[in-house]
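A look at the structure
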Amino acid sequence: MILITGINGELGSALTKKLSQFKSEKIIGFDLSKPNENIKDLLYKTYKGDIRDSELIKKIFAENKIDTIYHLAAILSTEAEKKPYLAHSVNVDGFFNIINSINVKNVKFFFPSSIAVYHLNCNNKNIKITENDFCNPNNIYGCNKLYCEKLGSYFQNSHDTEFNIDFRSIRLSGIISAHSLPQGGTSDYAPEMIHNAIQKKDYTCFVRKDSCIPFIVMPDAVNAVIKLMHTNKANLTTDVYHIQSFSPTVDQIYEKLILYFPKFKLNYKVDKNRQKMVDSWPSQLNQQKAINDWDWKPEFNFDNAFEKYLIPKISEYYNK
Ligand code: AKB
C-alpha cells in the first residue's frame, strides 16, 4: 500500500495520476483538505488532517499496511520565509511524524528535496555543481529540506531502530506544470508567467530579468521520481540526487513566450527576499550521479517543453 502526503499539491496530484495507472498498488491520500476532484476517484482511501498531528499519522499507519511512502506535504520557500516557525513544524516535525509511525521493515520512502538547499554567490552561480557542493542554505525551507535528507539517511542506516527505511530523495528544480500552479514557492515566477501569457494576461515578475535557476516540467519530474523509486537499491551510490531539464533566464522565457503570444507584456516589481533566494540558488546542476545510477534523462528540453507540452496542454486546460 502506498501513502502519498500532500496529495492536493502539484506534485502530489500528478504523481497520484501516474501511479494509479500501474494499478498494482492501492494509494492512500493525505492532505489538509479532502482530495481534489481530479484525483479523488484514483484513491483507495483518504485521510484529511494536519501532518503535525502525530496521533492521526500513527492511526493511518496502524489502520493500513503501508510499505511505500511519498512524503510531499510541505510549506514552500516563499511562504516558509514569512512563517519560519510554522514552516519548521510542518516541514520537519511532519517529516518526523511519518518516520516515527512506520511499522513495517524496509519501507520505501521518497522525499522531494529542493535546490533551495544550495547557497552560491554571483562568482560561482554558473558552475555546474554536484550534490556535495554549496549545501549551506540561506532560507528556512532549504534548512528544513537539508535536515530531513539527513534524518532520512540516518534512519536508513541506523542499527538502533526497529524499522529501518529505504530512503530516496531528489533535490528538485523549479517545476512547471501545465495543469496547476504552485503555491508559496520562489520558482513560481516561471509557471506564473507562462500560464498568464497563455491566458493572454500580462504578468509582473518578482525577480530580475537575468535571474536564472534550473527548471523541469512536471511529466519529467514525475517520471524521475518513479524511476528512482523503481531502481535496484544496489545501483544507488547516494540517497540524494539532483536533477533538472533546462536553465532559462527570465528574459529567455519571455523571448520564447512572445514567439507564441506577441502581445504578451512582462513587467517587473522585484521582491528583494525572493530575489535573494533565487540569486543564491545554482543555475546549472551536474547530473552525472542520476545519469549513471538510474539512467536519468529528461524527455523535454527548453524548446520542446514549450512546443509539445506547455503551450498545447495549458491552452487546452484553459479552453476546457
Ligand atoms: C520553491 O520555490 O519553494 C520550490 C523549490 C525550488 O523547491 N519550487
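Our subject is the structure that appears above.
What you are looking at is a predicted structure, and each value in this text was computed from that prediction instead of being measured.

1. Things to note about the side chain of Thr78
- Residue placement: Thr78 occurs in helix H4 (residues 77-82).
- Residues in contact with Thr78, not counting those within four places in the same chain, are Gly184, Gly185, Thr186, Arg274 and Met277.

2. Looking at the site of the ligand
- The environment of the ligand is made up of Leu76, Ser77, Ser114, Tyr141, Gly185, Thr186, Ser187 and Trp281.
- Thr186 is positioned with one of its backbone polar atoms (N or O) 2.6 Å from an oxygen atom of the ligand.
- For the ligand, a nitrogen atom lies 2.8 Å from a polar atom in the side chain of Ser187.
- Of the residues belonging to the shell around the ligand, the class tally is three nonpolar, five polar and no charged.

3. What about the packing of aromatic side chains?
- Inspection of every chain in the model, using the stated rule, returns 18 aromatic pairs.
- Here the aromatic rings of Tyr317 and Tyr318 are separated by 5.0 Å at their centres, their planes lie at 80°, and the arrangement is edge-to-face.
- Connected via pairs of aromatic rings, a cluster forms that spans Phe95, Phe109, Phe111 and Phe167.
- Residue placement shows Arg274 over the ring face of Phe206; its charged tip is 3.6 Å from the ring centre.

The rules behind these values
- Residues numbered from 1 in each chain as written.
- Predicted model: local features only at pLDDT ≥ 70, side-chain atom pairs only at ≥ 80, totals over all residues.
- Heavy atoms only, no water.
- Helix = DSSP H or I, 4+ residues; strand = E, 2+ residues; numbered from the N terminus.
- Contact = heavy atoms within 4.5 Å.
- Near = heavy atom within 4 Å.
- Polar contact = N/O pair within 3.5 Å; in protein donor to acceptor, adjacent residues only side chain to side chain.
- Nonpolar A, V, L, I, M, F, W, Y, C, P; charged D, E, K, R; others polar.
- Phe/Tyr/Trp six-rings, centres within 6.5 Å; stacked < 30°, edge-to-face > 60°.
- Lys NZ or Arg CZ within 6 Å of the ring centre and 35° of its normal.

That is the geometry; function is a separate question.
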